[in-house]
Amino acid sequence: SANVCRDTAEINVYVDEEILLAFDAPTSLCSGDDLTIKVVGAETYSWSTGAKSDVITVPTTTMEDKHFVVTGMRAFRDIFCQADAEITVPVYESVRPMTLTFDTCYGNPVYLQDIVSKYGIIEQVDTIKNITDGLVYSTVHQDLSKSGEYELYVRNQYGCKAVFPLTITSHKVENLLLTYQ
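Residues numbered from 1 in each chain as written. Predicted model: local features only at pLDDT ≥ 70, side-chain atom pairs only at ≥ 80, totals over all residues. Heavy atoms only, no water.

Trainee: How would you explain the pairing of strand S5 (residues 55-59) if you had to name every residue and give the values?
Mentor: With burial as the criterion, only one face of S5 is covered, namely that bearing Ile-56 and Val-58; the residues Val-55, Thr-57 and Pro-59 on the opposite face remain uncovered. Note: strand S3 (residues 34-40) against S5, 5 bridges, orientation antiparallel. Note on S5: the bridge partner recorded for Thr-36 is Thr-57. (Buried < 20%, exposed > 50% of the residue type's maximum accessible area, 1.4 Å probe, protein only. Helix = DSSP H or I, 4+ residues; strand = E, 2+ residues; numbered from the N terminus. Pairing = 2+ DSSP bridges.)

Structure below.
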């Protein structure tokens, strides 16, 4: 009979899951707004800005798109695994702020298109709020001839929003006596 020698060995194979980084960030932004991006999927992070946390906040002062690279790292036993991810957030033009005043004669109707044409407003006006009485108007056909303080809530084609303060003054015209000489 043949001599058969048997032995058992234990081999440990360590398999780490792939690091998948995911972002929580806006799909676009208006210039002048702060951009906050959160990343998940690893234990530690290193951004192209030099930041070392899972959240970064950067100002947007120009209309240049914001591009970032982040490296996520995770320790597995005594091995460090890492993955890179990139994100680009488009930055659009903000609405140029304006303070509006409109004078009219008492009894004359004032409509939104009168104010828009006077100031050349190209943004979409969503609503108008009368600060004095708290009423909110959502129609361009609303007569705004009542003197008071208003706010125009506007947005541009990119969705950037602003509030324009508006003062309407309705002047009462007294009877005038004209004499000819």
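So, next bit.
Trainee: Tell me what's going on with the environment of Ser-145, and back it up with residues and numbers.
Mentor: The topology assignment puts Ser-145 in the loop between strand S11 (136-137) and strand S12 (148-155). Residue classification places Ser-145 among the buried positions, given a relative accessible area of 16%. As for Ser-145 and Ser-170, which are separated by 25 residues in sequence, their C-alpha atoms are 6.5 Å apart. Contact partners of Ser-145, with chain neighbours within four places excluded, come to Thr-104, Asn-108, Pro-109, Val-110, Ile-168 and Ser-170. (Contact = heavy atoms within 4.5 Å.)

Trainee: Can you lay out the side chain of Thr-71 for me, pointing to particular residues and giving the numbers?
Mentor: Its location among the elements puts Thr-71 in strand S6 (residues 66-76). Exposure remark for Thr-71: the relative accessible area of 16% places this residue in the buried category. A polar side-chain atom of Thr-71 sits 2.5 Å from a polar atom in the side chain of Asp-84. The contacts of Thr-71, once residues within four sequence positions are left out, are Thr-44, Tyr-45, Ser-46, Gln-82, Ala-83 and Asp-84. (Polar contact = N/O pair within 3.5 Å; in protein donor to acceptor, adjacent residues only side chain to side chain.)

Trainee: With reference to specific residues and values, describe the sheet that holds strand S4 (residues 44-47).
Mentor: Taken in spatial order, the 3 strands line up as S4-S6-S7 in an open sheet, and their pairing is antiparallel. Of all the strands in the sheet, just S4 and strand S7 (79-89) have a single pairing partner and so form its edges. Strand-to-strand twist of the sheet, defined as the mean angle between neighbouring strand axes without regard to direction, takes the value 25 degrees. Across 11 bridges, the pairing between S6 and S7 is antiparallel. The partner of Val-69 across the bridge, within S7, is Glu-86. (Axes fitted to C-alpha atoms, helices over the stretch in contact; angles between N-to-C directions.)

Trainee: I'd like to hear about the nonpolar core, residue by residue, with values.
Mentor: Counting 21 residues, the largest nonpolar core has Leu-100, Ile-115, Ile-128, Leu-144, Leu-152, Phe-164 and Leu-166 as the members making the most contacts within it. Elements represented by at least two residues in this core include exactly strand S9 (100-105), helix H1 (112-119), strand S10 (124-130), S12 and strand S13 (161-171). The greatest single-element share of this core, amounting to 4 residues, is contributed by S13. Sequence-distant contacts of Leu-144, that is, excluding residues within four places in its chain, are made with Val-110, Leu-112, Ile-115, Ile-128, Tyr-137, Tyr-150 and Ile-168. If you look at the next biggest cluster of nonpolar residues, it comprises 17 residues, including Leu-29, Leu-35, Val-58 and Val-70. (Core = buried A, V, L, I, M, F, W, Y, C linked by side-chain atoms within 4.5 Å.)

Trainee: An account of the environment of Leu-29 is needed here, citing residue identities and associated values.
Mentor: Mapped onto the elements, Leu-29 comes out in strand S2 (residues 29-30). A residue is classified by how much of its surface remains accessible, and Leu-29, at 10% relative accessible area, is buried. Those residues in contact with Leu-29 that lie beyond four places of it in its chain are Asp-34, Leu-35, Thr-60, Val-89, Pro-90, Val-91 and Tyr-92.

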